[in-house]
Amino acid sequence: RVVALRAASTGAMVFQFACAAGAAASLLFEAGPVAMSCFCVAVVLSRAGLYAFDVGYMELQQILVDERDRGACQGVESSLCNGLELALAGVTLVFYANPADFGGLAALSAAFVLAAVVVYGLWLGLYHVHQHEHGASDHVHEHTSQLEKNIPEPGSPHVHVHYAGPTLHFHAHGHDH
């Protein structure tokens, strides 16, 4: 289930980028009803990609983030999204106030969707997913509280997602503190 969600979310983000890039590209052509129709269709389809990603992302968050920490995680996410939306409004007012510059704003939007695809891809690379099983006393890793509730009995297979990226190591270097 986690592997399928990750794949579906990746597909939705790539689809959203393709549509956002298509919307920006349609503004490069001479303005007219065909170009505007292509732009509108691409924007609507890009929203479908965004919503599909959002559903997959929320499901992944419910699986991977411990329910005790989920409220704080969602609060930080909401604050970051609102702050970046405010920054986007500021950039629009300062650099793209002229309607003739709308194509640049659409291209900037597509570039940020591409950046989101890259960041999500990096996140996927930092966390490994594998199925395993273990007895009640031989597991050496923590489970989220919701995973603990869903493992029916020792020895039952379950999916485990763990951080596999770089870690910071702090050494005392012979100093006593």
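First, a word on what this report is: a plain description of the structure on this page. Given the structure is predicted, the values throughout are model-derived calculations rather than measurements.

### Focus on the overall build of the protein
Then comes step 1: Secondary structure summary: the protein contains five helices and two strands in total.
Then comes step 2: If you list the helices and strands of the protein from N to C, you get α-α-α-α-β-α-β.
Then comes step 3: By residue count, 24% of the 177 residues in the protein fall in the buried class.
Then comes step 4: In the protein, the proportion of contacts linking residues at least 24 apart, taken out of those at least 6 apart, comes to 70%.
Then comes step 5: By element, 67% of the accessible surface of the protein is carried by carbon and sulfur atoms, the whole surface being about 11,900 Å².

### Looking at the side chain of Gln 16
Then comes step 1: Here Gln 16 is to be found in helix 1 (residues 2-26).
Then comes step 2: Sequence-distant contacts of Gln 16, that is, excluding residues within four places in its chain, are made with Ser 46, Gly 49, Leu 50 and Val 113.

### Regarding a nonpolar patch on the surface
Then comes step 1: Residues Phe 15, Val 41 and Leu 45 make up a contiguous nonpolar surface patch of roughly 260 Å² in combined accessible area.
Then comes step 2: Residue placement: Val 41 occurs in helix 2 (residues 33-64).

### Some details on the packing of helix 2 against helix 3 (residues 70-95)
Then comes step 1: In contact at an axis separation of 10 Å, helix 2 and helix 3 are set at 145° when each is read in the N-to-C sense. Helix 3 is crossed by helix 2, and the crossing has right-handed handedness. Where helix 2 approaches helix 3, its residues Tyr 57, Met 58, Gln 61 and Gln 62 are matched on the opposing element by Arg 70, Cys 73, Gln 74 and Glu 77.
Then comes step 2: Considered class by class, the residues forming the contact of helix 2 with helix 3 number three nonpolar, three polar and two charged.

### Here's the deal with the nonpolar core
Then comes step 1: Listed in full, the 10 residues of the largest apolar core are Val 2, Leu 5, Ala 12, Met 13, Phe 53, Leu 60, Val 117, Tyr 120, Leu 124 and Val 161.
Then comes step 2: Residue assignment for this core shows that the elements contributing at least two residues are helix 1, helix 2 and helix 4 (102-126).
Then comes step 3: Residue contributions to this core peak at four residues, all from helix 1.
Then comes step 4: Apart from the residues lying within four places of it in its own chain, the contact partners of Leu 5 are Gly 56, Glu 59, Leu 60 and Ile 63.

### Here we look at the environment of Leu 28
Then comes step 1: Tracing the backbone shows Leu 28 in the loop between helix 1 and helix 2.
Then comes step 2: What makes Leu 28 exposed here is its relative accessible area of 72%.
Then comes step 3: Note: C-alpha distance between Leu 28 and Gly 104 (76 residues apart in sequence) is 9.6 Å.

### Comments concerning the packing of aromatic side chains
Then comes step 1: Enumeration over the complete set of coordinates arrives at four aromatic pairs.
Then comes step 2: Seen in terms of ring centroids, Phe 39 and Phe 102 are 5.7 Å apart; in terms of plane orientation they differ by 75°. Their pairing is edge-to-face. Taken together, the residues span a long stretch of sequence, with Phe 39 in helix 2 and Phe 102 in helix 4 at a distance of 63 residues.
Then comes step 3: For Phe 102, a relative accessible area of 39% corresponds to the partly exposed category.
Then comes step 4: On the numbers, 5.8 Å between centres and 20° between planes, the contact of Tyr 120 with Trp 123 is stacked. Of the two residues, Tyr 120 and Trp 123 are both situated in helix 4; the distance of three residues between them amounts to about one turn of the helix.

Scoring rules and cut-offs
Residues numbered from 1 in each chain as written. Predicted model: local features only at pLDDT ≥ 70, side-chain atom pairs only at ≥ 80, totals over all residues. Heavy atoms only, no water. Helix = DSSP H or I, 4+ residues; strand = E, 2+ residues; numbered from the N terminus. Buried < 20%, exposed > 50% of the residue type's maximum accessible area, 1.4 Å probe, protein only. Contact = heavy atoms within 4.5 Å. Areas by Shrake-Rupley, 256 points an atom, 1.4 Å probe, with all protein chains shown as cover. Patch = residues over 30% accessible without salt bridge, like charges linked within 9 Å, V, L, I, M, F, W, Y side chains within 5 Å. Salt bridge = Lys/Arg side-chain N within 4 Å of Asp/Glu carboxyl O. Axes fitted to C-alpha atoms, helices over the stretch in contact; angles between N-to-C directions. Left-handed = near helix turned anticlockwise from the far one by under 90°. Nonpolar A, V, L, I, M, F, W, Y, C, P; charged D, E, K, R; others polar. Core = buried A, V, L, I, M, F, W, Y, C linked by side-chain atoms within 4.5 Å. Phe/Tyr/Trp six-rings, centres within 6.5 Å; stacked < 30°, edge-to-face > 60°.

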